[in-house]
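# Tertiary structure, described
Listed here are the chains, written in short residue letters.
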Amino acid sequence: MIDLLGRMLEQARRRGATSADAYVVEDQSFSAQVRLGQVDTVKHAREQHLALRVFVGRSVAAASTSDLSADSVTRLVEEAVSLARITSPDELSGLPDADLLARDVAPLDLDDPVGHDLSPEAKIDLARRCESAALESDPRITNSEGGDFGDRRARYAYATTHGFSGEYRTSSFSLSAAPVAAQDGEMQRDSWYHVTRKRARLDSPEEIGRTAARRALRRLGARRVKTSEVPVIFDPDMAATLIRHVASAASGPALYRSASFLVGKLGEVVAAPSVTIVDDGTIPGALGSRPFDGEGLPVRKTLVVDQGVLRSYLLDTYSGRKLGMASTHHAARDGSGVSVSTTNLYLAAGPADPAELIRSVKNGLYVTELIGFGVNGVTGDYSRGAVGLWIENGELAYPVEEITIAGNLLEMWKRVEGVGNDLVFRDRTAAPTLLIGRMVVAGS
Amino acid sequence: MLARPERFFEDRFGLTGVAMERLLGGALRGRVDHADVYLEYRVSEELVLEEGAVKKASRHVSQGAGVRAQSGERTGYAHTDDLALPNLEEAARQARAIADQASESAVVAVAPRGRPHDLYTLAEPPISADLNRKVSLLGQVDKTARDLDPRVRQVIATLGSEDVVVLIAGPAGWTVGDIRPLTRLNVSVIVEDGGRREIGSFGGGGRVPFDFFLEQDRWKRFASEAVRQAVVKLGAVDAPAGTLTVVLGPGWPGILLHEAVGHGLEGDFNRKQTSAFSGRLGQKVASELVTVIDDGTIANRRGSLNVDDEGTPTARNVLIENGVLRAYMQDRLNSRLMNTGPTGNGRRESYAHPPMPRMTNTFMLAGQDEPADIIRSVKRGLYAVNFGGGQVDITSGRFVFSASEAYLIEDGRVTEPVKGATLIGNGPEALTRVSRVGHDLALDEGVGTCGKDGQSVPVGVGLPTIRIDEMTVGGTQV
């Protein structure tokens, strides 16, 4: 793969590119869905994707293709170079300085050399066991959207005209169930999942299925509540959605476009002192880890918010230069060029037992699901549909639905009154249980 | 025109109708209920202007094939981005593996009934238009937006175009092709006033040529709408929290229908009985003022298709008629299992995805009321005219959609603008509270993208001005 990239970069140079970089991804994936015990859908795929970015002087353009034949690569190079002739020059554009490039590919243990070696029947069986565990756990589980198993292995290679080349492999495995619970004409769906880079570390199908069933069952009998301003507790998955909004607002392109509620806030207090948000791409075997970023810079650990103070933005080379700062090695690639992405982003665990946090609330909401897109990244204004459990006198009392929660992200983060000790990395973004002192819950 | 996609794949990849027939016949005969091959070649291009210049340009080519075999409720799907015949044979073999557990049923798949439409044959597809003209248009958008208001700090204008050639081949030797142009111009502006910042966005497009943006100075309207919205939001007060009467303006607020009833009426959820609308055909699910249509046959619209991604011609399907639920939207698999017919709603994001029932252009028919009278009829409420995205839990029926431009209605008059707020409701109930329907049906400008199960497809929505007597508004003003 590195050879292919080398040949393409050489071709780009011959056609007039002053510099260029390119990456290729090859992946193979399988997924199986079982519904009510029967195989529903099985998918096999083999894909590849080749992308090139060229600089002609200070102008840039990108092109990508899924066809890796020699003719196609030649066309790709020609198209990228000719597109770069119509874009405007930008003196800040260009590859990162060569001395910042990763010197070696850190061994992060991201692939599973043995885990994929499982027959389609055995994979289907994992999905079936996961769904069955949900279906059999309670008579009120009457239907299902299925149990799913998926695995994917991929190979990434990246090279530049100024001397970088590196490649690495990744694996991932996922298992989930989405049962439907019904009672007195009411239907509620919920789900549970696990994703890992090593198959051996997947939670058992039975455990995932039973958790999914518990989650669907606890939604039965949902009521609406009266509009009020109350404390709101986010379960770990929902707390993770809140730190994603912080990461979006801290990303370079949003900042230099003034399209972020964190513009000009570096070094300032943006959250309660109990809030520390970290992005760490170096955790061995973790889902968001990678040895180098989308521009060949070594990944590292970045303290984004330290005890409430915004300490770092998330930058690629270009957005860094726009802001007069160095890249924080968060470049990500897609076919259109470079963007910014997090690696393993997490809210550091606090001291509180999550049960203690619930007990501390007299009257409030425990959120287990959020829907909709009501987040304004420019102002931080926040308004989303919520599902959860109502807290009465420190107890989870009854399920609630058809309500919204609203506030402003900057104020919400400053109103954090408790951070749980239950941080578990289930996904690329992770958080412990989080208590926000006051938000508006709209209902009847 | 119909021969063109066939010749395209034959000339470029040597994939003839005979080869397709042999592939499906050989690998799958006698083992499955349905099998098909979907070939796709897609070229797309994106130009992005920011800070007054087009600094980002990209072009992408993707090609591939998806082979599907179905038996009973089972689907085997394999896809490859290498269109060489041996790869397709391997894909067919993998798709068939699932069918090996099937009954003895023979291949019954028949050619789609009806002829494909001709809704978007263009003399010059948007992707072929001169790049310099496109760059120059983006420059004009930038200048116009900045000249409109000194508070404009940033203009981001994006012009995307694509051309997709598809060919669907069935086992009895039938093939159906389509060539689908699509383009969209989007303008976002950031305005700043005394430390307060806001964003406004507007755009449009469809299966139209590049000149569409120049006709009637559309590009100018997109730029000025983006600026207007951003400036209005600068002066917005906190939105109310709680249950209110809501008046929705015409056009894009039709996203209400997409979320409240559209997804819940897709055949797969109803076959599986996981939708809040399952088993409710013939029942009243909306006020008698409400008739909801899904129509994939409107010329040049973003959500329209000559044929769906299984080769079935699209149709105008009445989903809800005078408040009564009439039909679900279907693909081949789910209509076969529910003993009805496909409705031309079998869609997929690309060759990498199996088709499922999806919406096309979903809208409510116009009523009798004067829009101004509808607003006048409200003592205290919310008038919402622009929205961001929406989402629905099809099982519980709860749906949300987020207003990005909204105003208070006080004593029958539109007063202050309010900050963005999410509106939440229950699908089977929300439309029963529609008490007024205006005569001003409008379709959206051509910007919608619908996500389901990880697959995105372009769609359209439409709505006249309507009054909903009770909806929960997720503001912060208690």
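Since this is a predicted model, take the numbers as computed values, not measurements.

Calculation criteria
- Residues numbered from 1 in each chain as written.
- Chains lettered and ligands numbered in written order.
- Predicted model: local features only at pLDDT ≥ 70, side-chain atom pairs only at ≥ 80, totals over all residues.
- Helix = DSSP H or I, 4+ residues; strand = E, 2+ residues; numbered from the N terminus.
- Rg over C-alpha atoms; globule rule 2.2 N^0.38 Å.
- Contact = placed C-beta atoms within 7 Å.
- Domains from an automatic or database assignment.
- Nonpolar A, V, L, I, M, F, W, Y, C, P; charged D, E, K, R; others polar.
- Pairing = 2+ DSSP bridges.
- Core = buried A, V, L, I, M, F, W, Y, C linked by C-beta atoms within 7 Å.
- Buried ≥ 20, exposed ≤ 12 C-beta atoms within 10 Å, placed from the backbone.
- Expected span 1.5 Å × (residues − 1).
- Arc of directions from axis to C-beta.
- Axes fitted to C-alpha atoms, helices over the stretch in contact; angles between N-to-C directions.
- Parallel < 35°, antiparallel > 145°, perpendicular 65-115°, else oblique.
- Left-handed = near helix turned anticlockwise from the far one by under 90°.
- pLDDT = per-residue confidence, 0-100.

This part takes up the overall build of chain B. The helix and strand tally for chain B stands at 10 helices and 23 strands. The C-alpha atoms of chain B give a radius of gyration of 24 Å, which matches the 23 Å a tight globule of 478 residues would have. Its C-alpha atoms put chain B at 70 × 55 × 35 Å along the principal axes. Across chain B, contacts joining residues at least 24 apart in sequence account for 76% of those joining residues at least 6 apart.

As a further point, take the domain arrangement of chain A. Residue and element names in this part refer to chain A. Domain assignment breaks chain A into domain 1 (2-217), domain 2 (228-241 + 349-442) and domain 3 (247-347). When each unit is reduced to the centre of its C-alpha atoms, the spacing between domain 1 and domain 3 is 21 Å. Taken together, the contact pairs 26 residues of domain 1 with 19 residues of domain 3. Of all the secondary structure elements, the ones that give two or more residues to the side of domain 1 that touches domain 3 are β2 (38-56), β3 (59-65), β4 (141-160) and β5 (165-183). Considering every element that reaches the side of domain 1 that touches domain 3, the biggest residue donor is β5, with three residues. Partitioning the side of domain 1 that touches domain 3 into residue classes produces 17 nonpolar, five polar and four charged.

With that out of the way, let us pick up the sheet that holds strand β10 (residues 324-325) of chain B. Residue and element names in this part refer to chain B. Spatial strand order, β10-β9-β8-β13-β22-β19: six strands in an open sheet with mixed pairing. Only two strands of the sheet have a single partner each, and these edge strands are β10 and β19 (442-443). Relative to strand β22 (residues 460-463), strand β13 (residues 361-364) runs parallel, the two sharing three bridges. Its bridge partner lying in β22, N361 is registered against G460.

In this structure, L52(A), V54(A), A80(A) and L434(A) are the most contacted members of the largest nonpolar core, which totals 227 residues. Among the nonpolar cores identified, the runner-up in size contains 33 residues, and A45(A), F9(B), M20(B) and V37(B) belong to it.

All names here are of chain B. What the domain assignment reports for chain B is domain 1 (3-234) and domain 2 (241-474). With centres defined by C-alpha atoms, the gap from domain 1 to domain 2 works out at 23 Å. At the junction of the two partners, domain 1 supplies 37 residues and domain 2 supplies 28 residues. Secondary structure elements with two or more residues in the side of domain 1 that touches domain 2: β1 (34-50), β2 (53-71), β3 (74-80), β4 (152-169), β5 (175-193), β6 (196-206) and α5 (218-234). Tallied by class, the residues present in the side of domain 1 that touches domain 2 amount to 13 nonpolar, 14 polar and 10 charged.

The five strands lie next to each other as β11-β10-β9-β14-β19 (chain A), forming an open sheet whose pairing is mixed. Strand pairing shows two members of the sheet lacking a second neighbour, β11 (309-310) and β19 (429-430) of chain A, which therefore form its edges.

Attention shifts here to the interface of chain A and chain B. On the side of chain B, 68 residues touch chain A, which itself brings 62 residues to the contact. By residue number, the principal contributor to the side of chain A that touches chain B is β2(A), which donates 11 residues. Class assignment of the residues belonging to the side of chain A that touches chain B gives a composition of 20 nonpolar, 27 polar and 15 charged.

So, about unusual backbone geometry. Its identity is not glycine, yet Q307(A) carries a phi of approximately 45°, on the positive side. Summarising the element assignment, Q307(A) is placed in the loop between β10 (301-306) and β11.

Turning next to helix α1 (residues 2-14) of chain A. Each α-helix winds once per 3.6 residues, and so residues spaced three or four apart point in a common direction. All names here are of chain A. When the terminal C-alpha atoms of α1 are compared, their 18 Å separation across 13 residues agrees well with the 18 Å that a helix rising 1.5 Å per residue should span. Every buried residue belonging to α1 is among L5, M8, L9 and A12, and all of these are buried. Down the axis of α1, the buried set is contained in an arc of 100°. They therefore lie on one face. Turned more than 90 degrees away from the buried face of α1 sit D3 and R14, all of them exposed. Considering only its buried residues, α1 is in contact with β1 (19-35), β2, α2 (70-84), β4 and β5.

Another point: the environment of A57(B). With respect to the secondary-structure elements, A57(B) resides in strand β2. The class for A57(B) is buried, based on 29 C-beta atoms found within 10 Å. Distance in space between the C-alpha atoms of A57(B) and V414(B) is 42 Å, their sequence separation being 357 residues. With near-sequence residues (within four places) excluded, A57(B) lies in contact with A61(A), L83(A), I86(A), T87(A) and L47(B).

What follows covers the environment of T170(A). Residues and elements named next belong to chain A. Structurally, T170 can be placed in strand β5. With 19 C-beta atoms counted inside 10 Å, the residue T170 sits in the partly exposed group. Each C-alpha atom, one on T170 and one on R155, is 6.4 Å from the other, the two residues being 15 residues apart in sequence. T170 has contacts with L110, D111, A154 and R197, leaving out every residue within four places of it along the chain.

Right, let's get into the packing of helix α4 (residues 131-148) of chain B against α5(B). All names here are of chain B. Two elements in contact, α4 and α5, have axes whose closest approach is 9 Å; the angle formed by their N-to-C orientations is 40°. If you check the angle between α4 and α5, you find them oblique. Helix-helix and strand crossings are classified by hand; for α4 and α5 the assignment is right-handed. Contacts between α4 and α5 pair L137, Q140, V141, T144, A145 and L148 from the former with W219, K220, A223, S224, A226 and V227 from the latter. Of the residues that constitute the contact of α4 with α5, the class distribution is eight nonpolar, three polar and one charged.

As a further point, take the environment of V375(A). Residues and elements named next belong to chain A. Mapped onto the elements of the fold, V375 is located in the loop between β15 (363-371) and β16 (381-392). V375 sits in the buried class, given 23 other C-beta atoms within 10 Å. Not counting residues within four places of it along the chain, the set of residues in contact with V375 comprises H245 and Y382.

All names here are of chain A. Both strand β12 (residues 331-334) and strand β13 (residues 337-340) contribute to a ladder of four bridges, which runs antiparallel. Across the sheet, A331 pairs through a bridge with V340, a residue of β13. Hairpin connection, β12 to β13: the antiparallel pair is bridged by two residues.

The next thing to look at is the pairing of strand β21 (residues 455-458) of chain B. Residue and element names in this part refer to chain B. Here strand β20 (residues 449-452) pairs with β21 via four bridges, running antiparallel. Opposite K452, over in β21, you have Q455 as the bridge partner. Remark: two residues form the turn of the hairpin made by β20 and β21, two consecutive strands paired antiparallel; D453 in that turn has positive phi of roughly 50°.

Residue and element names in this part refer to chain A. Running from N to C, helix α3 (residues 120-136) and helix α4 (residues 205-217) point in directions that differ by 40°, and their axes come no closer than 7 Å. In terms of orientation, α3 lies oblique with respect to α4. Between α3 and α4 lies a crossing whose hand is right-handed. Across from L126, R129, C130, E131, S132, A133 and A134 in α3, the residues of α4 making contact are P205, E206, I208, G209, R210, A212 and A213. The residue makeup of the contact of α3 with α4, split by class, is eight nonpolar, two polar and four charged.

Another aspect to go through is the confidence of the model for chain B. Residue and element names in this part refer to chain B. Confidence in the prediction for chain B averages 92 pLDDT; 95% of positions are at 70 or higher. Low pLDDT (under 50) marks residues 102-108, which in the prediction has 15 contacts with non-local residues, meaning those over four places away or in another chain. Confidence estimates for the predicted assembly give a pTM of 0.95 and an ipTM of 0.93.

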